[in-house]
Amino acid sequence: MERELAVDLSHLHPSVRHAALLPDCERRQRIRADRWIGYPRALAALDRLETLFAWPSKQRMPNVLLVGPTNNGKSMIVERFRRRHLPASEADRERTPCYACRCLPILRCCAFMWRCSRRLVRRCLRGDDWRRWKDWPYPCCGKWKCACW
(Lines give C-alpha, C1' and ligand atoms only; values in the text may rest on other atoms or scores of the structure.)
Protein backbone atom coordinates (compact mmCIF):
# COMPACT_ATOMS: atom_id res chain seq x y z
CA MET A 1 0.00 0.00 0.00
CA GLU A 2 2.95 2.31 0.74
CA ARG A 3 4.26 1.83 -2.80
CA GLU A 4 0.82 2.78 -4.15
CA LEU A 5 0.83 6.13 -2.37
CA ALA A 6 4.41 6.99 -3.28
CA VAL A 7 4.00 6.52 -7.04
CA ASP A 8 1.97 8.81 -9.30
CA LEU A 9 0.34 6.63 -11.95
CA SER A 10 -1.93 9.26 -13.45
CA HIS A 11 0.01 9.10 -16.75
CA LEU A 12 -1.07 5.46 -17.22
CA HIS A 13 -4.37 4.29 -18.61
CA PRO A 14 -6.68 3.28 -15.72
CA SER A 15 -6.92 -0.31 -16.99
CA VAL A 16 -3.17 -0.91 -16.49
CA ARG A 17 -2.40 1.07 -13.34
CA HIS A 18 -2.83 -2.01 -11.17
CA ALA A 19 -0.11 -3.81 -13.17
CA ALA A 20 2.45 -1.12 -12.25
CA LEU A 21 1.93 -2.01 -8.60
CA LEU A 22 2.55 -5.75 -9.03
CA PRO A 23 5.75 -7.35 -7.73
CA ASP A 24 8.71 -7.22 -10.12
CA CYS A 25 8.50 -10.88 -11.21
CA GLU A 26 4.78 -10.55 -12.09
CA ARG A 27 5.38 -7.32 -14.02
CA ARG A 28 8.17 -9.03 -16.02
CA GLN A 29 5.78 -11.87 -16.89
CA ARG A 30 3.18 -9.39 -18.13
CA ILE A 31 5.77 -7.50 -20.18
CA ARG A 32 7.05 -10.69 -21.84
CA ALA A 33 3.59 -12.05 -22.66
CA ASP A 34 2.23 -11.92 -26.23
CA ARG A 35 -0.04 -8.98 -26.92
CA TRP A 36 -2.67 -8.47 -29.56
CA ILE A 37 -2.39 -5.02 -31.08
CA GLY A 38 -5.38 -4.47 -33.32
CA TYR A 39 -3.84 -2.06 -35.78
CA PRO A 40 -5.83 -1.54 -39.02
CA ARG A 41 -3.81 -3.89 -41.27
CA ALA A 42 -3.92 -6.69 -38.69
CA LEU A 43 -7.68 -6.30 -38.34
CA ALA A 44 -8.05 -6.30 -42.13
CA ALA A 45 -6.00 -9.53 -42.38
CA LEU A 46 -8.07 -11.14 -39.64
CA ASP A 47 -11.24 -9.99 -41.39
CA ARG A 48 -10.03 -11.54 -44.66
CA LEU A 49 -9.32 -14.85 -42.90
CA GLU A 50 -12.81 -14.83 -41.39
CA THR A 51 -14.34 -14.11 -44.81
CA LEU A 52 -12.46 -17.03 -46.37
CA PHE A 53 -13.38 -19.29 -43.47
CA ALA A 54 -17.07 -18.62 -44.03
CA TRP A 55 -16.79 -19.04 -47.83
CA PRO A 56 -19.15 -21.72 -49.20
CA SER A 57 -17.34 -24.83 -50.44
CA LYS A 58 -16.53 -25.03 -54.11
CA GLN A 59 -13.94 -26.72 -56.30
CA ARG A 60 -11.45 -23.83 -56.42
CA MET A 61 -11.51 -22.13 -53.06
CA PRO A 62 -10.03 -18.65 -52.68
CA ASN A 63 -6.97 -18.37 -50.45
CA VAL A 64 -4.61 -15.88 -48.88
CA LEU A 65 -0.88 -15.77 -48.22
CA LEU A 66 0.24 -13.70 -45.25
CA VAL A 67 3.68 -12.22 -45.95
CA GLY A 68 5.61 -9.46 -44.21
CA PRO A 69 8.87 -8.50 -42.50
CA THR A 70 10.03 -10.21 -39.32
CA ASN A 71 8.34 -9.11 -36.08
CA ASN A 72 5.39 -7.55 -37.88
CA GLY A 73 2.61 -9.60 -36.23
CA LYS A 74 1.97 -12.35 -38.81
CA SER A 75 2.16 -15.19 -36.29
CA MET A 76 -0.06 -13.31 -33.85
CA ILE A 77 -2.73 -12.78 -36.54
CA VAL A 78 -2.70 -16.50 -37.38
CA GLU A 79 -2.71 -17.49 -33.70
CA ARG A 80 -5.62 -15.19 -32.93
CA PHE A 81 -7.57 -16.69 -35.85
CA ARG A 82 -6.69 -20.24 -34.75
CA ARG A 83 -7.89 -19.54 -31.20
CA ARG A 84 -11.24 -18.37 -32.58
CA HIS A 85 -11.67 -21.72 -34.37
CA LEU A 86 -10.54 -24.39 -31.92
CA PRO A 87 -11.04 -28.14 -32.48
CA ALA A 88 -14.24 -29.69 -31.16
CA SER A 89 -14.66 -33.32 -30.14
CA GLU A 90 -17.78 -35.06 -31.32
CA ALA A 91 -19.02 -38.54 -30.52
CA ASP A 92 -17.54 -40.19 -33.61
CA ARG A 93 -14.83 -37.75 -34.71
CA GLU A 94 -12.87 -34.65 -33.96
CA ARG A 95 -13.71 -31.56 -36.01
CA THR A 96 -10.69 -29.32 -36.58
CA PRO A 97 -11.73 -26.25 -38.55
CA CYS A 98 -8.33 -24.57 -38.62
CA TYR A 99 -4.77 -25.87 -38.90
CA ALA A 100 -1.78 -23.62 -38.39
CA CYS A 101 1.70 -24.57 -39.55
CA ARG A 102 4.78 -22.36 -39.39
CA CYS A 103 7.07 -22.20 -42.39
CA LEU A 104 10.75 -22.87 -42.11
CA PRO A 105 13.08 -19.85 -42.51
CA ILE A 106 14.02 -21.16 -45.95
CA LEU A 107 10.83 -22.35 -47.55
CA ARG A 108 11.13 -25.81 -49.01
CA CYS A 109 7.81 -26.70 -50.56
CA CYS A 110 8.13 -30.42 -49.85
CA ALA A 111 9.11 -29.92 -46.22
CA PHE A 112 6.23 -27.49 -45.73
CA MET A 113 3.69 -29.88 -47.26
CA TRP A 114 5.11 -32.74 -45.20
CA ARG A 115 4.69 -30.75 -41.97
CA CYS A 116 1.10 -29.87 -42.90
CA SER A 117 0.22 -33.46 -43.73
CA ARG A 118 1.78 -34.72 -40.47
CA ARG A 119 -0.55 -32.45 -38.50
CA LEU A 120 -3.57 -33.66 -40.45
CA VAL A 121 -2.64 -37.34 -40.18
CA ARG A 122 -1.85 -37.00 -36.47
CA ARG A 123 -5.50 -36.12 -35.89
CA CYS A 124 -6.64 -39.29 -37.72
CA LEU A 125 -4.19 -41.96 -36.58
CA ARG A 126 -3.84 -43.30 -33.06
CA GLY A 127 -1.29 -45.43 -31.22
CA ASP A 128 0.92 -47.76 -33.26
CA ASP A 129 -0.33 -46.45 -36.60
CA TRP A 130 0.85 -42.93 -35.72
CA ARG A 131 4.19 -44.16 -34.32
CA ARG A 132 4.96 -45.96 -37.59
CA TRP A 133 3.82 -43.07 -39.82
CA LYS A 134 5.54 -40.23 -37.95
CA ASP A 135 9.03 -41.63 -38.57
CA TRP A 136 8.80 -41.61 -42.35
CA PRO A 137 11.18 -39.10 -43.92
CA TYR A 138 9.47 -36.50 -46.03
CA PRO A 139 9.65 -37.25 -49.73
CA CYS A 140 10.91 -34.64 -52.14
CA CYS A 141 8.70 -34.33 -55.17
CA GLY A 142 11.34 -32.68 -57.38
CA LYS A 143 8.66 -30.77 -59.30
CA TRP A 144 9.41 -27.23 -58.20
CA LYS A 145 13.18 -27.45 -57.87
CA CYS A 146 12.90 -26.48 -54.24
CA ALA A 147 15.82 -26.37 -51.82
CA CYS A 148 15.36 -30.06 -50.93
CA TRP A 149 15.60 -31.25 -54.54
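This one's a predicted model, so the numbers in the text were calculated from it and none came from an experiment.

**Quick look at the overall build of the protein**
1) Next: For the protein, the count of helices and strands is 7 helices and 2 strands.
2) Next: Going from the N terminus to the C terminus, the protein shows its helices and strands as α-α-α-α-α-β-β-α-α.
3) Next: Expressed as a percentage of its 149 residues, the buried residues of the protein come to 16%.
4) Next: Taking the intrachain contacts of the protein between residues at least 6 apart in sequence as the baseline, contacts between residues at least 24 apart amount to 37%.
5) Next: Roughly 12300 Å² of accessible area belongs to the protein as shown, and the carbon and sulfur atoms make up 54% of that amount.

**Comments concerning the packing of aromatic side chains**
1) Next: Counted under the stated rule, the structure contains 1 aromatic pair.
2) Next: The interplanar angle of 80 degrees and the centroid separation of 5.8 Å between the aromatic rings of Phe53 and Phe81 together place this pair among those described as edge-to-face. Taken together, the residues span a long stretch of sequence, with Phe53 in helix H4 (residues 40-53) and Phe81 in helix H5 (residues 74-84) at a distance of 28 residues.

**Points about the environment of Thr96**
1) Next: If you trace the backbone, Thr96 turns up in the loop between strand S2 (94-95) and helix H6 (109-124).
2) Next: Along the backbone, Thr96 and Leu86 are 10 residues apart, and their C-alpha atoms lie at a distance of 6.8 Å.

**Quick notes on the nonpolar core**
1) Next: In terms of nonpolar packing, the biggest core is built from 7 residues, these being Ala42, Ala45, Leu46, Leu49, Ile77, Phe81 and Cys98.
2) Next: When residues of this core are traced back to their parent elements, those giving at least two are H4 and H5.
3) Next: Ranked by the residues each element gives to this core, the list is headed by H4, at 4 residues.
4) Next: Filtering out sequence-adjacent residues up to four positions away, Ile77 remains in contact with Trp36, Ala42, Ala45, Leu46, Leu49 and Leu66.

**As for H4**
1) Next: Over its 14 residues, H4 runs 20 Å from end to end, which matches the ideal 20 Å to within 8%, given 1.5 Å per residue.
2) Next: Of all the residues in H4, the buried ones are Ala42, Ala45, Leu46, Leu49 and Leu52. Within H4, the buried residues cover an arc of 120 degrees as seen down the axis, which keeps them to one side. Looking at H4, the residues exposed on the side facing more than 90 degrees away from the buried face are Pro40 and Asp47.
3) Next: For H4, the secondary structure elements touched by its buried residues are H5.

**A closer look at the confidence of the model for the protein**
1) Next: Here the protein averages 77 in pLDDT, while 65% of its residues score no lower than 70.
2) Next: Mean pLDDT across the secondary structure elements of the protein bottoms out at helix H1 (residues 2-6), with 56, and peaks at helix H3 (residues 24-32), with 94.
3) Next: Confidence over residues 143-149 falls short of pLDDT 50; this stretch has 13 contacts with residues more than four positions distant or in other chains.

**Considering the packing of H4 against H5**
Helix-helix packing: each pair is described by the crossing angle between the helix axes and the interaxial distance.
1) Next: Contact geometry of H4 with H5 gives a least axis separation of 10 Å together with a crossing angle of 40 degrees. It follows that H4 is oblique to H5 by the angle criterion. Once H4 is placed against H5, the crossing between them reads as right-handed. Of the residues in H5, those in contact with Ala42, Ala45, Leu46, Leu49, Glu50 and Phe53 of H4 are Ile77, Arg80, Phe81 and Arg84.

Calculation rules
Residues numbered from 1 in each chain as written. Predicted model: local features only at pLDDT ≥ 70, side-chain atom pairs only at ≥ 80, totals over all residues. Heavy atoms only, no water. Helix = DSSP H or I, 4+ residues; strand = E, 2+ residues; numbered from the N terminus. Buried < 20%, exposed > 50% of the residue type's maximum accessible area, 1.4 Å probe, protein only. Contact = heavy atoms within 4.5 Å. Areas by Shrake-Rupley, 256 points an atom, 1.4 Å probe, with all protein chains shown as cover. Phe/Tyr/Trp six-rings, centres within 6.5 Å; stacked < 30°, edge-to-face > 60°. Core = buried A, V, L, I, M, F, W, Y, C linked by side-chain atoms within 4.5 Å. Expected span 1.5 Å × (residues − 1). Arc of directions from axis to C-beta. pLDDT = per-residue confidence, 0-100. Axes fitted to C-alpha atoms, helices over the stretch in contact; angles between N-to-C directions. Parallel < 35°, antiparallel > 145°, perpendicular 65-115°, else oblique. Left-handed = near helix turned anticlockwise from the far one by under 90°.

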